Amino acid sequence: LHIVHGGSSMASKLVHQILEKLVKSGLNIQAHTPVTSVSSTRDSGGLWSVHTARGTIKAPKLVHAANAYTSQILPEYTRAITPVRGICSHLE
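Reading guide: rules and limits
Residues numbered from 1 in each chain as written. Predicted model: local features only at pLDDT ≥ 70, side-chain atom pairs only at ≥ 80, totals over all residues. Heavy atoms only, no water. Helix = DSSP H or I, 4+ residues; strand = E, 2+ residues; numbered from the N terminus. Buried < 20%, exposed > 50% of the residue type's maximum accessible area, 1.4 Å probe, protein only. Contact = heavy atoms within 4.5 Å. pLDDT = per-residue confidence, 0-100. Salt bridge = Lys/Arg side-chain N within 4 Å of Asp/Glu carboxyl O. Pairing = 2+ DSSP bridges. Axes fitted to C-alpha atoms, helices over the stretch in contact; angles between N-to-C directions. Polar contact = N/O pair within 3.5 Å; in protein donor to acceptor, adjacent residues only side chain to side chain.

**What about the side chain of S71?**
In this fold, S71 is placed in helix α2 (residues 70-73). Assessed through its relative accessible area of 19%, S71 is described here as buried. Setting aside chain neighbours within four positions, we find S71 in contact with Y77 and T78.

Structure below.
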């Protein structure tokens, strides 16, 4: 990967190169596809159901990348995550 330019790393270039490699290996990316709901439990095969306007996707693992808006997707975090400009948090 070529992500260093003039002594500084370029995060966007790193992400684009990683995505390019993943797409070439078979990753299917659906951009501009809002998720309408996510199942609250896994099905009998251990998969989560993610519902979108394009259909339902099943996956063994999910990553919620909603930042301060996580509680809109996962209400159980309403009291744990409070959106504040300039503040980052990490929960396990």
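**A word on the confidence of the model for the chain**
For any part of a model where pLDDT is low, the fine detail of the predicted coordinates should not be relied upon. Residues with a pLDDT of 70 or more make up 83% of the chain, whose mean pLDDT is 81. The weakest mean pLDDT in the chain belongs to strand β1 (residues 4-5) at 58; the strongest belongs to strand β4 (residues 48-52) at 93.

**Considering the pattern of salt bridges**
Considering all chains together, one arrives at two salt bridges under this definition. E20 serves as the salt-bridge partner of K24, at 3.2 Å between the closest nitrogen and oxygen. You can see K24 and its partner E20 sitting in helix α1 (residues 11-24), four residues apart, about one turn around the helix. On the basis of relative accessible area, K24 is assigned to the exposed category, the value being 67%. The class of E20 is partly exposed, set by a relative accessible area of 44%. A salt bridge links K58 to D43, with the nearest nitrogen and oxygen atoms 3.1 Å apart. Of this pair, K58 sits in strand β5 (residues 55-59) while D43 sits in the loop between β3 (35-38) and β4, and the two are 15 residues apart along the sequence.

**Focus: the sheet that holds β3**
Taking strand neighbours across the sheet as the criterion, the three strands line up as β3-β4-β5 in an open arrangement whose pairing is antiparallel. Pairing within the sheet leaves two strands with one partner each, and these edge strands are β3 and β5. The average angle at which neighbouring strand axes cross in this sheet is 25 degrees, direction not considered.

**Side note on unusual backbone geometry**
Phi at H32 takes a positive value of approximately 55 degrees, unusual for a residue other than glycine. Structurally, H32 is set in the loop between α1 and β3. Classification of H32 as exposed rests on a relative accessible area of 80%.

**Examining the environment of R54**
Relative to the elements of secondary structure, R54 occurs in the loop between β4 and β5. For R54, a relative accessible area of 55% gives the class exposed. Not counting residues within four places of it along the chain, the set of residues in contact with R54 comprises Q30, A31, H32 and T33. For R54, the side chain forms a polar contact with the side chain of T33, separated by 3.3 Å.

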